[in-house]
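# Coordinates in review
Residue-level listing of the chains:
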Amino acid sequence: MEFPLASVTVRSLRKHFGAFEAIKGADLQAAEGEFVTLLGESGCGKTTTLRCIAGLETPTSGHISIGSRAVYDGDARIDVQPERRETGMVFQSYALWPHLTVMETVLYPLRRRKVRGKEATDRALEILETVGLAQYAARPATSLSGGQQQRVALARALVSRPQLMLYDEPLSNLDPSLRRQVRDEILRMHHLNGTTSIYVTHDLEEAMHLSDRIIVMQSGLLEQTGTPAEIFAKPSNEFVAKFVGFENLLPATVVAVRGGEVELELTTAGLTVALPVAASAGALSAGDEVSVGFRSSNALVVGEPSPASGRRLELRGTIERVDFLGSRNEYRIVSGEARLRVAESERAYRHQTLRREAGAEVWVQVDADLCTIIPTGRTTAAPQTPVGAPA
Amino acid sequence: MRNSQRWLATAALAIPLVLVTAGCASGAPEGDGGAAPGGSPYGGEVDSPEVEAALDALYQEALAAGEDQVVVYGPPPPQDYLDAFMDRFPGIEIIYEQLQSQDRVTRLEAEKASGNYAGDVAQDGRTPIVNMGLDGWCAAVDPIVDVPSDLIGIDGTVFYGQATVFGVLINTDLISEEEAPKTWDELIDPKWKGKEVMVSPAAGGAGAFASAMLLTPQENADTWGMRIVEGLQANVDTVAKDAQTVSSVVEGTYPIGVLAYYPYYFQTIKDVPNAPVQFIMLEEGNTWSKGAQCIIENAPHPLAAELWLNWTFTVEGQNMLAETGTYPMMPGIPGPTGLPPADEAGLITLLSDEDSITGYADYVKQVQALYGG
Amino acid sequence: MTGPSTKSLAAWTRPNSLPATWRGSRLVGKILMGLAVLVLIILFLYPPLLMVMAAFRRGQLAGQGEWTLQPFLDTITSPVTWVVTWNSIVLSLVVAILGLAFGTFLAWVAVRTRTPMRRWMTPIMAVTLVIPSLFYGLGWYVTLAPPKAPVNQALQGIFGLGPGDAPVSSGWGTLIFVVVGHVIPIAYLFMVGPMSRMDAALDDAARMSGATRGSAFFTVTLPLLRPSMLGVLALMTTYGMSAFELPLLFGLPSGIHVFSTKVLNTINESEDLPNYAGASTLALILVLLVVLLVALRERFVGNRRYSTITGKGFRPEPKSYGRWQWAFLAVFVLVVLWSGVIPLVQMILGSFEYIAGVASLGFTTGNYEEVLTGRRTFQALTFTLGIAAIGGFLAAAVALLLSHTAVRSGRFVRVVAMLVSWAPVAIPGVLVGLALLTAYMPIPGLQKLIGTPVMLVLGFIVVATPIATRAVEGGVLQLSAELEESARISGASRATTFFTVVFPLVLPSFLAGWFIAGIGIAGNLSLPVLLSTPTMRTAAVTAYDLYNQGRTGESAALFLLLMLAVAVVGGLAWLVSLGVIRLLKRTRVSRIERAMSMKGSVLHA
């Protein structure tokens, strides 16, 4: 299938709903063929952004281009109607028309674009076979199961070979068991035709699996953009860090940066630790306030401190609570003023002997390369040139 | 009529006259515009020969002008009455449009504003038409028929050709004419409590006005007044519509119907001659409603309208009124079957034309309030 | 890949011109909208406003003449005013609630259960609606009023009353009973559309959470129908204030006087100048009532989303309720007897009697002879059917456009739409023709239309739109915005979306609105008299006139002919449309099958 490709450019996008600012000045770009996900909690503006790109909402100001064509420009008074933007969209609640069959649903976009007769039915059947629903062509679209309906919606969006695909949390309304299936379908279709896609979700795993690039949004602003690996490993602020699953964030101050290492004083634990510079998402200088973050599944609970072998963070604490969940154990450990969460795998459980009960004294160990230094944007020092930045 | 039209009319008249005179045997023609010996177009069936000739001329003129209907704003009379005119003057249809008086004025204003004139004649009880005349809605007409001056009002624009009466209706299976009450005082006798049915004055109809007639002018108030009105209210069971007064007496639910509307009774016995009902007029103080007509200014069918108006005053027209249950007002014409002529019927005194415009209003309200309206 | 901008840019200045929503291709839409709003305001809002003003002026025409407070004060301070208002409010409210309860219940039975004969319910209710209120009332009058009637005879026996006693002939109980029976079919037809388009999954969800079938009905189904029900309730209550015939027949003899007769009496009370000011003062009370009801409805419906057609799987499969269904059927049969069969039988008998309702004089076919040979009978019947069909359609179309635009637009448009769809209701029924005529007279474009069929159709649209809106808006509210959005994305313009997605999905409600509006127009007495020419007689006006002349049997005969004509034409239309739908479906399916068979079982390259 030959699909046209377009890039998407959004500049300085703003959208108010009365007094509420849903988008406070967003810039984003998607290259041709790129799969970009807008990731965030509800109310962060990701859906509004998507709808502005689709043309279903009119922004308050800003600029949106699809391909080389401006579809919205606040200054130049351009506002192209949604039906002319040549996009395809998959909605959260499928948005299938109850009065049409599967075949008619998929034929609908073709008819609107004046594709008729045999060519239309051929293309419709083609896409239906691709999503594996050709045998349901004569059935009313809304009589199918949830997963099947979303695939019909997918087929409908793709049949007119749009230059841009938009997805508005398409898996949220599906049974958890079906989500994986449809997600795989989406990915497969994307590999097949390579259309530029913008995907909106609050689910980290979906974003990780599908995207070439993730943009994290909060309260109408973009917090960070990067590849899934980058976002996952190196969140650029505390919000993103929490979002991508860093359950443990320890406040710390940068003491010094030298020789590829960053020396940090952990404020609440009263410890000093040295971590590689690579553990940081951005440039650091002495006096910066940061968080040292690690995931609960990357930490180990041991009964005794071990002699330092390799760089490691080691914190002493008392078990507040243990939950035995079968495939893993979850600990809540008080260390100084911090509350740590550790998830112990079955493997570690079998290999470690220690008192696993409230009140037991334990040590939490985290390898340095599994720690991340997350900037907070605050600093205790006077502003100066940061190390590592061009002079 | 303009001179040329007059010549045309006379010529039109002369030719058939000559033709028919030449060949026809004597005898009354069958309700069709044909001439009979004696020279009079309708053989004396309609009125005097002079009147008939003038009417026929007017008729031809109307036809020539393409006037094929007369639109009357008012409560329709029995169809037989209209049919009599239409049989007499084929080609002209009489259409009645039932309009309440306040709606009528609004409608006329609208016609004036839009220029789409539709109404030719207005007919109703006296007062609304008098009002229209005073406000200049009516056209002055010089009647062909010799109408006495007391039947014409407001500078020759309003005409009183008919009246309707209200009386007592009895079910002859339940009560005989001798036993039946024949004065207002007898009607309020408590022995009739629960046996009398009357249309409620609060139902928005003629009932309120009829009752108000007992309260003014002073002579009525002295003879009858609130005493009678309150006495009635204590005695009667009320219904919502005039038609129900008749039907409940006919059915025998009540032996006596008060303020029964004569035309409804007339309609009933016409259909069912042996129905067990009879209409009685009181010895005196019978309430009645004087009817009036006028031709509307800017009527789209002025000639046909004039023909209609005149016909209602002819001997034929007036007799047809009686035959269809309405009281004719022209002198010498007998009343509807079985009833005395108008001047002998013990009709209650009404306020004068001008006084009646505002004179009854307060009393109407009084009566309605009495019945909770 | 460029990096993000994580914080807002500094100092963005807004350009000094219209914001984006006002420009480009959307501007044309805005201009059209503005024009439409203007026309709607003149046609719909101006008459009631004029009426409000008329309360304070005294003159030849309503709303003209000298400014004076006297008639206003006279009417306000008269105790009768408040007695009749109270009576009417109580009557309307009780009747509306009971009628709506029965109507909703039967709608639910017809759509969501497997009760036997449920497919006949809608047609039967539709036919019942056609019975004119005059003869509906007379039918019950003949059944309940005469002491010799079986009902009264039985009661005389049970309670040892005298042979002349007719305990149920009038009074509050009888009045409410009769009026409720008259409004149940309307309530049913209003509710059957929304009921048939509800997402059964929501019901199921409630059931799975432990609710019994009964409580799921009350806790899920009913609340979701709330917008429709409250709208219908408000409408029925306000129309109840204009009830005229039935309170006369069953209230007046017991001293129950109502609002509408008072309005009529007030106008007529003086022979000098009609008391428009007094009547308009009374109308002010009605206006206040309407405002109150609509405000209450808005508050209860609020901004919550009621979309139940979301395209997520909606086919409400009727469920079996076992033996209960026989009880449901029994209720339906009783209601049909109550609303239709008994009055209809009496009406048929009446058409063969000399005086309708009086059997003692014997029977005759004379009434039918008179009516069938009447000069203008055929013309009146065809005219009535034509104008009811056209007027009803246009009113339903206006209602649909109004509701749809309101639901998808901002606050201003929504408020205007709401005002427009409720304003004509605030005019008492007996004054509607007068109000419209007086309002349109001075307006240049409309003035010339007075006395032509166009003005009559316009008047009917204005009067019928509130009714049609209540039927249609429920269907529109249930439509999720996403269904339209997905169509827009698929390349459909606003207009195309409307015709290919919105209209097919609100069709049941649209048809109900068309029908109910059409019946209302066919039976309307106030407008034709004032707005049309005498040659454009509607059958209803003719029949009503016949009744008032005492030719009651002919009146019954003519009304029956009208009902027959409506049934025949309606039935034909129903059959034709069913046939067309079946034909379309067959072509659709065969087209798809053909396409698939051409592909064979090939897995394409």
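Computed from a predicted model, the values in this text were never measured in an experiment.

What counts, and at which threshold
- Sequence order sets the numbering: in each chain, residues are counted from 1 along the sequence as written.
- Labels follow written order: the first chain is A, the first ligand is 1, and so on.
- Reporting of local features is limited, given that this is a predicted model, to residues whose pLDDT is at least 70; pairs of side-chain atoms are given and counted only at 80 or more, and all residues count toward the totals for whole chains, interfaces and linings.
- By the criteria applied, helices consist of DSSP H or I runs no shorter than four residues and strands consist of E runs no shorter than two, each listed in order from the N terminus.
- For every residue pair, C-beta atoms are placed from the backbone, and the pair is scored as a contact if these atoms sit within 7 Å.
- Any residue with 12 or fewer other C-beta atoms within 10 Å of its own C-beta is exposed, any with 20 or more is buried, and the rest are partly exposed; the C-beta atoms used are placed from the backbone.
- The source of the domain bounds is an automatic or database domain assignment.
- Amino acids are sorted into nonpolar (Ala, Val, Leu, Ile, Met, Phe, Trp, Tyr, Cys and Pro), charged (Asp, Glu, Lys and Arg) and polar (every other residue, Gly among them).
- Axis definition: a line fit to C-alpha positions, over the contact stretch in the case of helices; interaxial angles, taken between N-to-C directions, run 0 to 180 degrees.
- Any angle from 65 to 115 degrees is called roughly perpendicular, while one under 35 is roughly parallel, one over 145 is roughly antiparallel, and all others are oblique.
- When DSSP finds two or more bridges between two strands, those strands count as paired.
- Per-residue confidence from the predictor is given as pLDDT, running between 0 and 100.
- Remark: nonpolar core denotes a set of buried Ala, Val, Leu, Ile, Met, Phe, Trp, Tyr and Cys residues whose joining runs through C-beta atoms within 7 Å.
- Handedness of a crossing is defined here by the sense of rotation of the near helix relative to the far one, left-handed for an anticlockwise turn of less than a right angle and right-handed for a clockwise turn.

## A closer look at the overall build of chain B
Scanning chain B from terminus to terminus reveals 15 helices and 12 strands. In chain B, the proportion of contacts linking residues at least 24 apart, taken out of those at least 6 apart, comes to 71%.

## Regarding the overall build of chain C
Broken down by element type, chain C carries 25 helices and 4 strands. Scored against the burial criterion, the 605 residues of chain C give a buried share of 53%. Residue pairs in contact within chain C that sit at least 24 positions apart in sequence constitute 78% of those at least 6 positions apart.

## Let's talk about the interface of chain C and chain B
Taken together, the 49 residues of chain C in the interface contact 53 residues of chain B. For the side of chain C that touches chain B, the elements supplying multiple residues, two or more each, are α11 (245-250), α12 (259-268), β3 (353-355), β4 (358-363), α18 (432-440), α23 (526-531) and α24 (539-548) of chain C.

## Brief notes about unusual backbone geometry
The linkage connecting Thr-216 of chain B with the following residue, Pro-217 of chain B, adopts the cis geometry, with an omega of 0°. For Pro-217 of chain B, the position within the fold is in the loop between α7 (206-212) and α8 (218-223). One non-glycine residue, Ser-12 of chain A, lies in positive phi territory at about 50°. When you line up the elements, Ser-12 of chain A lands in strand β1 (residues 8-17). A count of 17 C-beta atoms within 10 Å places Ser-12 of chain A in the partly exposed class. In this model, Ser-219 of chain A sits at a positive phi of 50°, which is unusual for a non-glycine residue. The class for Ser-219 of chain A is partly exposed, based on 15 C-beta atoms found within 10 Å.

## A short note on the domain arrangement of chain C
Residues and elements named next belong to chain C. Its domain assignment divides chain C into domain 1 (46-77 + 269-299), domain 2 (87-255 + 325-357) and domain 3 (374-548). Taking only C-alpha atoms, the centre of domain 2 and the centre of domain 3 are 25 Å apart. Taken together, the contacts link 22 residues of domain 2 with 23 residues of domain 3. Elements that contribute at least two residues to the side of domain 2 that touches domain 3 include exactly α4 (121-129), α7 (172-196) and α10 (226-241). Looking at side-chain class alone, the side of domain 2 that touches domain 3 contains 15 nonpolar, 6 polar and 1 charged residues.

## Topic: the packing of α7 of chain C against helix α20 (residues 453-477) of chain C
Residues and elements named next belong to chain C. At a minimum axis distance of 8 Å, the contact between α7 and α20 shows a crossing angle of 10°. Taken as axis vectors, α7 and α20 run roughly parallel relative to one another. Here Phe-190, Gly-193 and Pro-194 of α7 lie close against α20, whose contacting residues are Arg-470, Ala-471, Gly-474 and Gly-475. Of the residues that constitute the contact of α7 with α20, the class distribution is 3 nonpolar, 3 polar and 1 charged.

## Section: the sheet that holds strand β12 (residues 248-258) of chain A
Two modes of strand pairing occur in sheets, parallel and antiparallel, and in both the strands are linked by backbone hydrogen bonds. All names here are of chain A. Within the open sheet, the 5 strands sit side by side as β14-β13-β12-β15-β21. Their pairing is antiparallel. Among the strands making up the open sheet, the edge pair consists of β14 (271-276) and β21 (372-379). Averaged over all adjacent pairs, the angle separating strand axes in this sheet is 40°, with direction ignored. By the bridge criterion, 6 bridges tie strand β13 (residues 261-266) to β14 in an arrangement that is antiparallel. Each bridged residue has a counterpart across the sheet, and for Leu-264 the counterpart in β14 is Val-273.

## Observations regarding the pairing of β1 of chain A
Side-chain direction in a regular strand flips from residue to residue, so the side chains alternate between the two faces of the sheet. Residues and elements named next belong to chain A. As paired elements, β1 and strand β4 (residues 61-66) share 5 bridges and run antiparallel to each other. When the sheet's bridge partners are listed, Arg-11 is paired in β4 with His-63. Adjacent in sequence and paired antiparallel, β1 and strand β2 (residues 20-30) are bridged by 2 residues, among which Gly-18 carries a positive phi angle near 65°.

## Some words on the confidence of the model for chain C
When pLDDT drops low, the exact placement of atoms in the prediction is not to be read closely. Residue and element names in this part refer to chain C. Here chain C shows a mean pLDDT of 82. Residues at 70 or above account for 87%. Confidence, expressed as mean pLDDT per element, reaches its minimum in chain C at helix α8 (residues 200-208) with 58 and its maximum at helix α21 (residues 481-489) with 93. Here residues 1-18 is a poorly scored stretch, pLDDT under 50, and it has 25 contacts once near neighbours within four places are set aside; other chains count. Segment residues 601-605: pLDDT under 50, and 3 contacts once partners within four positions in sequence are set aside and those in other chains are kept. Here the predicted complex scores 0.81 on pTM and 0.83 on ipTM.

## Comments concerning helix α13 (residues 315-323) of chain B
Residue and element names in this part refer to chain B. The set of residues buried in α13 consists of Glu-316, Gly-317, Gln-318, Met-320 and Leu-321. Close packing links the buried residues of α13 with α3 (79-88), β6 (158-171), α12 (302-313) and β12 (327-328). Looking one or two residues beyond α13, the residue adopting positive phi is Gly-325, at roughly 100°.

## A few points about the domain arrangement of chain B
All names here are of chain B. Entries for chain B in the domain assignment read domain 1 (3-163 + 291-340) and domain 2 (164-288 + 344-370). Contact with domain 1, which involves 15 residues of that partner, is made by 13 residues of domain 2. Per-class residue counts for the side of domain 1 that touches domain 2 are 7 nonpolar, 7 polar and 1 charged.

## Here we look at the nonpolar core
Ranked by size, the top nonpolar core spans 414 residues in total, and within it Leu-128 of chain A together with Ala-187 and Leu-189 of chain C carry the most contacts. Counting residues per element, this core draws most heavily on α20 of chain C, which supplies 15 residues.

## Topic: the packing of helix α16 (residues 377-407) of chain C against helix α17 (residues 411-422) of chain C
All names here are of chain C. Orientation of α16 relative to α17, taken along the N-to-C sense of each, is 150°, at an axis distance of 8 Å. By the angle between their axes, α16 is roughly antiparallel relative to α17. Like other packed secondary-structure pairs, α16 and α17 cross with a definite hand, here left-handed. Between α16 and α17, the contacting residues are Leu-402, Thr-405 and Ala-406 on the first element and Val-413, Arg-414, Ala-417, Met-418, Val-420 and Ser-421 on the second.

## Examining the pairing of strand β5 (residues 69-73) of chain A
All names here are of chain A. By the bridge criterion, 4 bridges tie β4 to β5 in an arrangement that is antiparallel. Looking at β5, one finds that Ile-66 is bridged to Arg-69. Hairpin connection, β4 to β5: the antiparallel pair is bridged by 2 residues, and Gly-67 has positive phi, about 70°. In terms of strand pairing, β5 meets strand β6 (residues 78-79) through 2 bridges, oriented antiparallel. Bridging across to β6, Asp-73 finds its partner in Ile-78. Taking the residues that link successive antiparallel strands as the turn, the β5-β6 hairpin has 4 residues, and the phi of Arg-77 there is positive, at about 55°.

## Quick word on the sheet that holds strand β8 (residues 164-168) of chain A
Residue and element names in this part refer to chain A. The 6 strands are arranged β7-β8-β9-β3-β10-β11 in an open sheet whose pairing can be described as mixed. Both edges of this open sheet fall to β7 (87-90) and β11 (221-226), since each of them pairs with a single strand only. Neighbouring strand axes in the sheet, compared pairwise and without regard to direction, differ in orientation by 20° on average. As paired elements, strand β3 (residues 35-39) and strand β10 (residues 213-218) share 4 bridges and run parallel to each other. In the strand pairing of β10, Leu-38 is matched with Ile-215.

## A short note on the environment of Gly-66 of chain B
Residue and element names in this part refer to chain B. Structurally, Gly-66 is set in the loop between α2 (49-64) and β1 (69-73). Gly-66 gets classed as exposed once you count the C-beta atoms within 10 Å, which come to 9. Along the sequence, Gly-66 and Thr-349 sit 283 residues apart, while their C-alpha atoms lie 44 Å from each other.

## With respect to the environment of Glu-34 of chain A
Residue and element names in this part refer to chain A. With respect to the element layout, Glu-34 can be found in the loop between β2 and β3. Residue classification places Glu-34 among the partly exposed positions, given that 19 C-beta atoms sit within 10 Å. For the pair Glu-34 and Leu-164, spaced 130 residues apart in sequence, the C-alpha separation works out to 9.9 Å.

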